[in-house]
Amino acid sequence: MKTNQDLITQTPNRSLEIASLYHKQSLELINLALMHNKIAIEASHQRAVELMHVKDTSRVHELVSTHMVHQIKDYLNFAVAAYQLGFDAHSQVTGILQKQIEDNRALTEHVLSSPALTGNPISALAMSAVKSAMDTSHAVLSGAKVAAEKTAELAKQSLSSLQK
């Protein structure tokens, strides 16, 4: 039995696609961390300047409390942005894996519909069982993809509501 070389060569290398995605996400996370550090240093300098200009010592406690609240908000914004990157990467990887499953299913269906398998009754029985299993697994994976997308969307909504 010969495999269809055109179908095989059209199937992209998903592992390289996933590696590229994670490389991109890593660079974005590094950029996010650098930007957060830059903002934190600038805010720290601004807080020090404000504290140095305070004339009334009774106001120092209030100013330090205000600065602490702003600093906590900055760190929470950084954490939310980092989680957002992770959710986006997870969603994209789920899509890539779904494409891989669909490509493998198409290739398997092509092989199973080969004329060499159609005349043999045992092959027909095996092909029926394989198609049933493939349809079931495809339905389960489609449901899992929908659930993953819904979970990622809910997480994005909850994280964005925390930012406000």
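This structure is a prediction, so every number in the text was calculated from the model and none was measured.

Engineer: What is the right way to look at the overall build of the protein chain in this model?
Structural biologist: Check the secondary structure of the protein chain and you find five helices and zero strands. Secondary structure elements of the protein chain occur, N-terminal to C-terminal, as α-α-α-α-α. Relative to its 164 residues, the protein chain shows a buried fraction of 17%. Of the contacts formed within the protein chain by residues at least 6 apart in sequence, a portion of 79% connects residues at least 24 apart. Element-wise, carbon and sulfur atoms account for 63% of the exposed surface of the protein chain, whose accessible area totals about 11,600 Å².

Engineer: Where do I start with empty space enclosed by the protein in this structure?
Structural biologist: Unfilled space is identified by rolling a water-sized probe across the atoms. Inspection of every chain in the model, using the stated rule, returns one cavity of 30 Å³ or more. For the largest cavity, the calculated volume is near 40 Å³. Taken together, His36, Ala40, Ala43, Arg47, Gln71, Asp74 and Tyr75 make up the full set of residues lining the largest cavity. Broken down by secondary-structure element, the contributors of at least two residues to the lining of the largest cavity are helix H2 (14-52) and helix H3 (58-112).

Engineer: Can you help me understand the side chain of His67 in this one?
Structural biologist: Relative to the helices and strands, His67 is located in helix H3. On the basis of relative accessible area, His67 is assigned to the buried category, the value being 8%. Leaving out residues up to four positions away in the same chain, His67 has contacts with Arg47, Glu50 and Leu51.

Engineer: Which parts of the structure should I look at to understand the pattern of salt bridges?
Structural biologist: Side chains that differ in charge, positive against negative, can pair when their charged atoms come close. What the rule picks out here adds up to one salt bridge. A salt bridge links Glu28 to Lys24, with the shortest nitrogen-to-oxygen separation between them at 4.0 Å. Taken together, the positions of Glu28 and Lys24, both in helix H2 and four residues apart, correspond to about one turn of that helix. Assessed through its relative accessible area of 31%, Glu28 is described here as partly exposed.

Engineer: How should a nonpolar patch on the surface be read in this particular structure?
Structural biologist: A cluster of nonpolar side chains, namely Leu27, Ile30 and Leu34, defines an oily patch on the protein surface of about 300 Å² accessible area. Along the chain, Leu27 turns up in helix H2.

Engineer: Teacher, can you tell me more about the side chain of His36 here?
Structural biologist: Along the chain, the position of His36 falls in helix H2. Judged by its relative accessible area of 11%, His36 falls in the buried class. The residues touching His36, leaving out its near neighbours within four places in the chain, are Asp74, Tyr75 and Phe78.

Engineer: It is not clear to me how the confidence of the model for the protein chain should be interpreted in this structure. Could you clarify?
Structural biologist: Regions with low pLDDT should not have their predicted coordinates read in detail. Chain-level statistics for the protein chain give a pLDDT mean of 80 and a share of 85% at 70 or above. Between the elements of the protein chain, mean pLDDT differs from a low of 54, seen in helix H1 (residues 5-10), to a high of 91, seen in H2.

Engineer: Which parts of the structure should I look at to understand H2?
Structural biologist: Structurally, the α-helix is built with 3.6 residues per turn, so residues lying three or four positions apart point the same way. Here H2 spans 56 Å end to end across 39 residues, near enough to the 57 Å set by a 1.5 Å rise per residue. Among all positions of H2, only Arg14, Ile18, Leu21, Gln25, His36, Ala43 and Arg47 are buried.

Conventions and cut-offs
- Residue numbering note: each chain is counted from 1, following its sequence as written.
- Thresholds applied to this predicted model are a pLDDT of at least 70 for local features of residues and 80 or more for the giving and counting of side-chain atom pairs; totals over whole chains, interfaces and linings are not thresholded and use all residues.
- In computing side-chain values, all of the structure's heavy atoms are included and hydrogens and water are not.
- Per the convention used, a helix needs a DSSP run of H or I reaching at least four residues, while a strand needs a run of E reaching at least two, with both numbered from the N terminus.
- Residue exposure (1.4 Å probe, protein chains only): buried if accessible area is under 20% of the type maximum, exposed if over 50%, otherwise partly exposed.
- Contact criterion: two residues are considered in contact whenever any of their non-hydrogen atoms come within 4.5 Å of each other.
- Using the Shrake-Rupley algorithm and a 1.4 Å probe, accessible areas are obtained, with residue cover drawn only from the displayed protein chains.
- Points on a 1 Å grid, built from protein atoms alone, make a cavity when a 1.4 Å probe fits but cannot get out and make a pocket when they are open with protein on both sides within 12 Å along at least 5 of 7 lines; residues with an atom within 4 Å of a point are the lining residues.
- Grid points are joined across faces, edges and corners, and a volume is the space filled by probe spheres set on the points.
- A carboxyl oxygen of Asp or Glu within 4 Å of a side-chain nitrogen of Lys or Arg is what we treat as a salt bridge.
- The patch calculation keeps residues exceeding 30% relative accessible area without a salt bridge and links them within 9 Å when they carry like charges or within 5 Å when they are nonpolar (Val, Leu, Ile, Met, Phe, Trp, Tyr).
- The predictor's confidence in any single residue is recorded as pLDDT, a number from 0 to 100.
- The span one expects for a helix is its residue count, reduced by one, times 1.5 Å.

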